[in-house]
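One-letter residues, chain by chain:
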Amino acid sequence: MVEKRFEELNERAYERGYNTFSDFLNMEEQSVLKSTYLPCVLFGGYPMAERVVAGFGENLSDEKFPITCICAKPLMQKFADTLTHRDFLGALMNLGIKRELLGDIIVKDNCGYILCIEHIAPYICENLERVRHTSVKCEKSGLPTDLGNEPEPTEIFAASKRIDVVIAAVYNLSRNETAKLIKAEKVFVNSRLTVSNSHMLDDNDVVSVRGFGRFVFEKEVKTTKKGRLVLEIKKY
């Protein structure tokens, strides 16, 4: 059904000559989309967003995507709870909003920056008044100014560029723990589900590990005298 929906959006865009857009896609849906090889652009409101909208058609730019950012800010920060991603998401779910209408939620300075499909934005602004025990005010906003800052590259040591080896090194896990994550279908490379422990990473691959985050495998820097690889990554 997901695949058919993507095909319908693509056909409509090219037969009728206008851009069409999906709702926000999770990693599994992005993996299905990538397997169709349909021409599209993915954007989630900012670079490296985990949840993205697929755009079909020609001359697509970030500005054309139907994505709005809302800032939910405590009315009195001094007395506010310490709010988390889960708190903001739970409050939105309690309003009856479908998850596919919501993108990433970034929490900064105890404010929630909520990316959403633009048509649901007025409803959120009018109805989201409380998160946990904290009263909040919602209004359309830009994202935090430092969100687009690239993380500094860091170097790790690994025996090879196999995905299980690299993930274990990045997140300080055992190979057994990494293998369980891959078997549980929680690892994606460039938005594609990866089920092989022996998958070899290429330069600039984006690796997402559910529950841990994402990193970019930048490149192999060198090999040590003992035969270990020095790899450069950017961890988000």
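Residues numbered from 1 in each chain as written. Predicted model: local features only at pLDDT ≥ 70, side-chain atom pairs only at ≥ 80, totals over all residues. Heavy atoms only, no water.

Novice: Teacher, can you tell me more about the environment of V170 here?
Specialist: Position of V170 relative to the elements: it lies in helix α5 (residues 163-171). Sequence spacing of V170 and I233 is 63 residues, and the spatial spacing of their C-alpha atoms is 8.5 Å. When neighbours within four sequence positions are excluded, V170 is seen to be in contact with I156, F215, I233 and K235. (Helix = DSSP H or I, 4+ residues; strand = E, 2+ residues; numbered from the N terminus. Contact = heavy atoms within 4.5 Å.)

Novice: Would you mind showing me how to read the pattern of salt bridges here?
Specialist: Charged atoms that come close allow side chains of opposite charge to pair. What the rule picks out here adds up to five salt bridges. The salt bridge involving D87 is made with R132; its shortest N-O contact spans 3.8 Å. Of this pair, D87 sits in helix α3 (residues 85-94) while R132 sits in the loop between β7 (130-131) and β8 (134-140); the two residues are 45 residues apart in sequence, bridging distant segments of the chain. Judged by relative accessible area, which is 16%, D87 ranks as buried. (Salt bridge = Lys/Arg side-chain N within 4 Å of Asp/Glu carboxyl O. Buried < 20%, exposed > 50% of the residue type's maximum accessible area, 1.4 Å probe, protein only.)

Novice: Quick question: what am I supposed to make of the sheet that holds strand β13 (residues 213-223) here?
Specialist: The strands making up a sheet are joined through hydrogen bonds of the backbone, oriented either antiparallel or parallel. Taken in spatial order, the six strands line up as β9-β14-β13-β12-β10-β11 in an open sheet, and their pairing is antiparallel. Strand pairing shows two members of the sheet lacking a second neighbour, β9 (154-158) and β11 (192-193), which therefore form its edges. For strand β12 (residues 205-209) and β13, the ladder comprises five bridges, and the chain directions are antiparallel. Across the sheet, the residue bridging to V207 is F215, located in β13. (Pairing = 2+ DSSP bridges.)

Novice: In this structure, what is going on with the sheet that holds strand β6 (residues 111-117)? I would like to understand it.
Specialist: The five strands are arranged β5-β6-β4-β8-β7 in an open sheet whose pairing can be described as antiparallel. Two strands lie at the open edges of the sheet, namely β5 (102-108) and β7, each paired on one side alone. Direction of pairing for β5 relative to β6: antiparallel, over a ladder of five bridges. Pairing of L102 across the sheet is with C116, part of β6. Its contacts with the sheet put α3 on β4 (67-74), β5, β6 and β7, and the angle it makes with β5 is roughly 135°. (Axes fitted to C-alpha atoms, helices over the stretch in contact; angles between N-to-C directions.)

Novice: Is there a simple way to explain the packing of aromatic side chains in this structure?
Specialist: Where two aromatic rings form a pair, the distance of their centres and the angle of their planes describe that pair. What the rule picks out here adds up to four aromatic pairs. Measuring from ring centre to ring centre gives 5.6 Å for F43 and F65, while their planes differ by 70°; the resulting arrangement is edge-to-face. Placement of F43 in strand β2 (residues 41-43) and of F65 in the loop between β3 (52-56) and β4 is noted, with a sequence separation of 22 residues between them. You can call F43 buried: its relative accessible area is 13%. Residues Y171 and F215 carry aromatic rings whose centres are separated by 6.0 Å and whose planes lie at 65° to one another, so their mutual orientation is edge-to-face. On the criterion of sequence distance, the pair formed by Y171 in helix α5 and F215 in strand β13 is long-range, its members being 44 residues apart. (Phe/Tyr/Trp six-rings, centres within 6.5 Å; stacked < 30°, edge-to-face > 60°.)

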